[in-house]
Amino acid sequence: IILETADKDLLEFVLNRIRDEGLLVSQSSHPEDKQKVALIVSAPQHIIQQEAESWCILKSDTKGFKDEYSVGEHDTFLKPYVSVDDALFSPSEVAYITYEILKKIQMKDIPDCFPRVKQGILITDPLLLSLERAQMVECWPLHSTNDNKKNAWEFGPFHRSFCDRVEHYFGSNVALYFAWLKNYIFWLLFPGILGTLVFIYHYMNPHINVDNSHVSPFFTLFVVFWGVLFVKSWDRQCASFTCSWGISHVRWRREIRSSYQGQKRISPITGVPERYFPDGQRLFRYAVSVAVTLFMLIIAFFVMVISLNLQGYIHKFSYSKNYLLYPSISWLCDDGQYFDPKGHGPYPFVLLYIPVIIHVTIIQVLNRIYQVVANILTTWENHRSPAQHENALFVKRFFFEAFDCYIALFYLAFIENDIVLLRKELVSLYTVDSIRRLATETILPFITRKISRIIDSTENEANPVLYKDYDKIEYEQFDDYLEMVIQIGYVMLFAGAFPLAAPLSLICNVVELYSDTFKLTYVTRRPAVHRSTTIGVWSTLVKGLVLLSIFTNLYIFCYTSEQLLNYAPSLFTVTPLAPEDARWSGSDHVHNVAPGAAMTVTAILTALEHVMLAVVAGLWILISGVPSTVTDELSRREYVKFQRNHGNIIHGVSGATGYFDRTTTDEQLRGKLHHE
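Residues numbered from 1 in each chain as written. Predicted model: local features only at pLDDT ≥ 70, side-chain atom pairs only at ≥ 80, totals over all residues. Heavy atoms only, no water.

(A) Region of the structure containing the overall build of the protein chain. Scanning the protein chain from terminus to terminus reveals 24 helices and 12 strands. Counting every position in the protein chain, which comprises 676 residues, the buried fraction comes to 50%. Long-range contacts, defined as pairs at least 24 residues apart, comprise 69% of the intrachain contacts of the protein chain with a sequence gap of at least 6. For the protein chain, the accessible surface area stands at approximately 33000 Å², while carbon and sulfur atoms represent 62% of it. (Helix = DSSP H or I, 4+ residues; strand = E, 2+ residues; numbered from the N terminus. Buried < 20%, exposed > 50% of the residue type's maximum accessible area, 1.4 Å probe, protein only. Contact = heavy atoms within 4.5 Å. Areas by Shrake-Rupley, 256 points an atom, 1.4 Å probe, with all protein chains shown as cover.)

Rendered as structure tokens:
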């Protein structure tokens, strides 16, 4: 705990409240900032055991089953198989329990030395919450000084025990991200291999491209159904991991954000003073958030228009020339000019990619600006719990950044109806963004680590290890998830336009897996332990992309490309383009729905959409999201828990079950079993 105060009375008050809970505290002053005091808090073993029992932490018993920990049966439990010491509780469990003890310490009294804050302090408020409201405290778990951190990566991220080791040290919240990423990498093998074969087929047949390919529709169909299997596979794997880690039954706990404000009232549930914020006021704040976000989206749309003008995608022959063409900008991509898309300008291998680089750079700048705006808006919405706050923030940032990344692709696919230009823009955006990720998440952390080692070697031993940890950045899991979900959109939403998206993503994600482990170990602070049972809203967003991919790929099949024309040529007309017109298009001709055939094409699109939705729904229903072994294990735990709380459970004839307490006589038992 970093406490920003020089007030000795306040420091003494905080120390006493923490020690009253049985925790151990050592104090250290900052070598440079005398206004900061470090409190290193740890919990003795008997406190850990008591809290583990009260929180119903599951541990493995001598039979290999997970059972609720009990202090009285301490010797019957086994240490985790990935442990490097003899401790029964893993480093993540110790960090979690210690932090939970800290969070539930109440004020009980408000001394005169305690700072006054705008929303006031209640005696029932937690101590840490009150200090956070006064903006006086930072709290995070320190990295272990023993081999536990090294143990997490000892066998590499592709070892079968990797996720268990990460959960052992960092907790399930971090481990589930790596488990999800590994599962995603595994499933990318299938579209990766097939996408590579499709690319080779197109390369060996120069007259065939993504526009008129006979095999692209089947690849697209495969990718859509692959997405369903990937999602269901993760649901099953997530259930298996959380069951094996013993967190499937995590107890729900009401938490209040430190910046939550409201009117003071007596709680109708607990009867103690609490803060209350009316839902009507929050609805008004939602409306303001929507208005501000729409304004930012308009700016992002304008940036997209400028970028498409610079790249020659919006020109004097395009469908949107009347309202999206800016001649003062688009002249730069005219024949022989700097950004000529045909490469006839000066330095074509350099200047040709400048518009794409500018576009990606501005996207990142806008995303960073909106990140600040979204944080301000979400905080102003005044959500009560951290989970509500995080979900609101995630939804804002995802939809804004997804709009930023996809809007140009949607324009080319559904307004210009040009799959060749769509492929070109998709390849450009994907390539530049992959290079950016490689630089910022692999090369930059490596350089940062090297510099920090040089600095650490020049520091004297008086500088505590905890301040080296203090200078590190916080671990931001949102960006890791967001990049992967956006990438899934590239792979699925426009599958037929860019078959190489899957194999390239496979390679990039292997690098991402290693770079994330390096970043988490050496570059960032150790994140707070959360006993999460799912990856949260990200799973829902991926499912949404799977469903959306059905509609986007079918539209591309029927209208944007000539793929349907290959199977039903009578429904379309093909018009050659003049050389001047063809210069701006991805092809030397255009296809349009034949007169009187619009209803037929729409009917085909609708029928295919219904069939694919039916198949997807069937797969969703037939494939259970929870393996039967997990269901059996969870039922066994409930069985054992009921047996412990209500007496013995005896299995009767033909699987019948009867409930008896410990005083049931043999005669009563025989009578009950005979009746059943």
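(B) Spatial organisation of unusual backbone geometry. Within the chain, Cys56 stands out as a residue other than glycine whose phi angle is a positive 55 degrees. The topology assignment puts Cys56 in the loop between α2 (45–54) and β4 (58–60). Judged by its relative accessible area of 17%, Cys56 falls in the buried class.

(C) Main features of the confidence of the model for the protein chain. Mean pLDDT over the protein chain stands at 81; residues scoring 70 or higher make up 83%. In this model, residues 458–463 is a region of pLDDT below 50 whose contacts with residues beyond four sequence positions or in other chains number 3 contacts. Considering only residues more than four positions removed or in separate chains, one finds that residues 649–676, a stretch of pLDDT under 50, has 34 contacts. (pLDDT = per-residue confidence, 0-100.)

(D) Structural detail: the pairing of strand β3 (residues 36–42). Among the 7 residues in β3, 5 count as buried, and that is most of the element. Bridge analysis of strand β1 (residues 2–4) against β3 gives 3 bridges, and the strand direction is antiparallel. Paired with Glu4 across the bridge in β3 is Lys36. Relative to β3, strand β2 (residues 24–29) runs antiparallel, the two being bridged by 6 bridges. Counterpart to Ser26 in the pairing with β3 is Ile40. (Pairing = 2+ DSSP bridges.)

(E) Region of the structure containing helix α22 (residues 598–622). The end-to-end C-alpha distance of α22, which contains 25 residues, comes to 36 Å, matching closely the 36 Å that a straight helix rising 1.5 Å per residue would cover. Within α22, burial applies to Val601, Leu605, Glu609, Met612 and Val616. Against α8 (216–245), α19 (537–560), α20 (563–567), β9 (572–576) and β10 (589–593) lie the buried residues of α22. (Expected span 1.5 Å × (residues − 1).)

(F) Expanded view of the pattern of salt bridges. Applying the stated criterion across every chain, the model contains 15 salt bridges. Lys396 is the salt-bridge partner of Glu381, the closest N and O atoms lying 2.9 Å from each other. Of the two residues, Glu381 sits in the loop between α13 (354–380) and α14 (386–414) while Lys396 sits in helix α14, which places them 15 residues apart along the sequence. On the accessibility criterion, Glu381 (1% relative accessible area) is buried. Residue classification places Lys396 among the buried residues on the basis of a relative accessible area of 12%. Arg397 serves as the salt-bridge partner of Glu401, at 3.1 Å between the closest nitrogen and oxygen. Of this pair, Glu401 and Arg397 both sit in helix α14, 4 residues apart, which is roughly one turn of that helix. The pair Glu401 / Arg397 is uniform in exposure class, with both members buried. What you see here is one network of salt bridges that share partners, running through Arg17, Asp20 and Glu21. (Salt bridge = Lys/Arg side-chain N within 4 Å of Asp/Glu carboxyl O.)

(G) Spatial organisation of the environment of Lys36. With respect to the helices and strands, the residue Lys36 is situated in strand β3. In sequence terms Lys36 and Leu3 are 33 residues apart; their C-alpha atoms lie 5.6 Å from each other.

(H) The arrangement of the sheet that holds β2 in detail. Strand order across the open sheet formed by 4 strands is β2-β3-β1-β6, with antiparallel pairing between neighbours. A single partner strand is all that each edge strand has here, and the edge strands are β2 and β6 (137–138). Where β1 meets β6, 2 bridges bridge the pair, whose relative direction is antiparallel. For Ile2, the partnering residue across the bridge sits in β6 and is Glu138. In the packing of helix α1 (residues 8–20) onto the sheet, contacts are made with β1, β2 and β3, and the angle to β3 comes to roughly 5 degrees. (Axes fitted to C-alpha atoms, helices over the stretch in contact; angles between N-to-C directions.)

(I) Structural context of the packing of α8 against α19. Here α8 crosses α19 at 170 degrees, and the two axes come no closer than 10 Å. With respect to α19, the element α8 is oriented roughly antiparallel. The residues of α19 that touch α8, namely those facing Pro217, Thr220, Val224, Gly227, Val228, Phe230, Val231 and Asp235, are Ser539, Val542, Lys543, Val546, Ser549, Ile550, Asn553 and Phe557. For the contact of α8 with α19, the per-class residue count stands at 9 nonpolar, 5 polar and 2 charged. (Parallel < 35°, antiparallel > 145°, perpendicular 65-115°, else oblique. Nonpolar A, V, L, I, M, F, W, Y, C, P; charged D, E, K, R; others polar.)

(J) Looking closely at the packing of helix α9 (residues 279–310) against α13. Closest axis-to-axis distance for the α9/α13 pair is 11 Å, and the angle between their directions is 175 degrees. Here α13 runs roughly antiparallel to α9, going by the angle between their axes. Of the residues contributing to the contact of α9 with α13, the split by class is 17 nonpolar, 4 polar and 1 charged.

(K) Geometry of the packing of aromatic side chains. This structure, assessed with the given rule, holds 33 aromatic pairs. With 6.0 Å between their ring centres and 80 degrees between their planes, Tyr430 and Tyr490 make a pair best called edge-to-face. Of the two residues, Tyr430 sits in helix α15 (residues 419–458) while Tyr490 sits in helix α17 (residues 477–493), which places them 60 residues apart along the sequence. Neither Tyr430 nor Tyr490 differs from the other in exposure class; each is buried. Here the aromatic cluster, defined as three or more aromatic residues joined through ring pairs, consists of Phe162, Tyr177, Phe178, Trp180, Tyr184, Trp226, Phe230, Phe394, Phe478, Tyr481 and Trp538. Positioned above the aromatic ring of Trp140 is the side chain of Arg525, whose terminal nitrogen or guanidinium carbon lies 3.9 Å from the ring centre. The side chain of Arg526 reaches across the aromatic face of Tyr169, ending 4.3 Å from its centre. (Phe/Tyr/Trp six-rings, centres within 6.5 Å; stacked < 30°, edge-to-face > 60°. Lys NZ or Arg CZ within 6 Å of the ring centre and 35° of its normal.)

(L) Here's a closer look at the side chain of Arg636. When you line up the elements, Arg636 lands in helix α23 (residues 628–646). A polar atom in the side chain of Arg636 sits 3.0 Å from the side chain of Glu633. In this structure Arg636 touches Phe65 and Lys66, once residues within four positions along its chain are discounted. (Polar contact = N/O pair within 3.5 Å; in protein donor to acceptor, adjacent residues only side chain to side chain.)

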